[in-house]
Amino acid sequence: MIFSPPSKQRIDFLGQAANAYQQQLTAGTPAAELLKRRGLSQDSAQYFRLGYVADPASGHERYRGMLAIPYVNMQGVVAIRFRCTGDHDCKALGHSKYMREPGDEAKIYNILALTLNVSRIAVAEGEPDTWTGWQCEIPTIGVAGVQNWNRLFNRHLRGYKEVVILADGDDAGMQLADTIVKANKNATVRQMPSRSDTNAFYCEHGAEALREKAGF
Ligand SMILES: [Zn+2]
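Definitions and limits used
- Residues numbered from 1 in each chain as written.
- Predicted model: local features only at pLDDT ≥ 70, side-chain atom pairs only at ≥ 80, totals over all residues.
- Heavy atoms only, no water.
- Helix = DSSP H or I, 4+ residues; strand = E, 2+ residues; numbered from the N terminus.
- Contact = heavy atoms within 4.5 Å.
- Donors = N, O, S within 2.8 Å, 3.2 Å for Na, K, Ca; no water.
- Tetrahedral: all angles 85-135°; square planar, octahedral: opposite > 155°, others 65-115°.
- Pairing = 2+ DSSP bridges.
- Axes fitted to C-alpha atoms, helices over the stretch in contact; angles between N-to-C directions.

(A) The environment of Pro-30, seen in detail. In this fold, Pro-30 is placed in helix 2 (residues 30-37). Between the C-alpha atom of Pro-30 and that of Ala-54, which follows or precedes it by 24 residues, the distance is 9.9 Å. If we skip the residues at most four places from it in the chain, Pro-30 touches Tyr-52 and Thr-85.

Right, dumping it as structure tokens:
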């Protein structure tokens, strides 16, 4: 079993929280500024139902001030992950950049992209790179790093003519790419320049260049 869905009650709670955080993502908030720095359009932010935790839902108090990233499947919002909105090196400040709720297991991000009738799909590392691919009209799913690639995810990739891995330009990016390529004959790797990632590449070179690099 890859994923045991949360209860209907839990999905309702998460859906309501995600809606509230979306309302709270107003111009000038740290989350809106973060998305602006990443070159994300309002349409993309809306598609991904991104939000800002100004007024946390019950139990979400420790995510106050963070960007809310809902994980949405056919049933609704099945998880929300949270990202620090500071323009700094989180590790150097002693906190993690991403937080998830206890018991929230590894999941594919933007899994609804797997319902598209396309012959090629991209896999990006992390949510911001997934937004970026999607914004550039590349059907993209995301995984939060190699340690979150569950081998059962491979079955989702089998029907595609080609699976394009948009790998970060670092060791972790190559580890993820290697892991997926080893298990999928239809997978190919497009690595971003050294120390760059899909989003940085897009911000520097634009959508056309990214599409060309990814071969879409
Ligand atoms: Zn931080």
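(B) Inspection of the coordination of the zinc ion at higher detail. Coordination of the zinc ion by the protein comes from Cys-84 (SG), His-88 (NE2), Cys-90 (SG) and His-95 (NE2), over a distance range of 2.0 to 2.3 Å. If you look at the zinc ion, its four donor atoms make angles of 101 to 116° with each other, and the shape they trace is tetrahedral.

(C) Region of interest: the sheet that holds strand 7 (residues 162-167). Spatial ordering of the open sheet is given by 6-5-7-8, a layout of four strands whose pairing is parallel. One side of each edge strand has no neighbouring strand; the edge strands of this open sheet are strand 6 (140-143) and strand 8 (187-191). Put simply, the sheet's adjacent strands are angled 25° from each other on average, direction ignored. Pairing between strand 5 (residues 120-125) and strand 7: five bridges, direction parallel. Of the residues in strand 7, the one forming a bridge with Ile-121 is Val-163. Set on the sheet, helix 4 (residues 127-135) makes contact with strand 5 and strand 6; between it and strand 6 the angle comes to about 175°. Running at roughly 165° to strand 7, helix 5 (residues 171-183) makes contact with strand 5, strand 6, strand 7 and strand 8 of the sheet.

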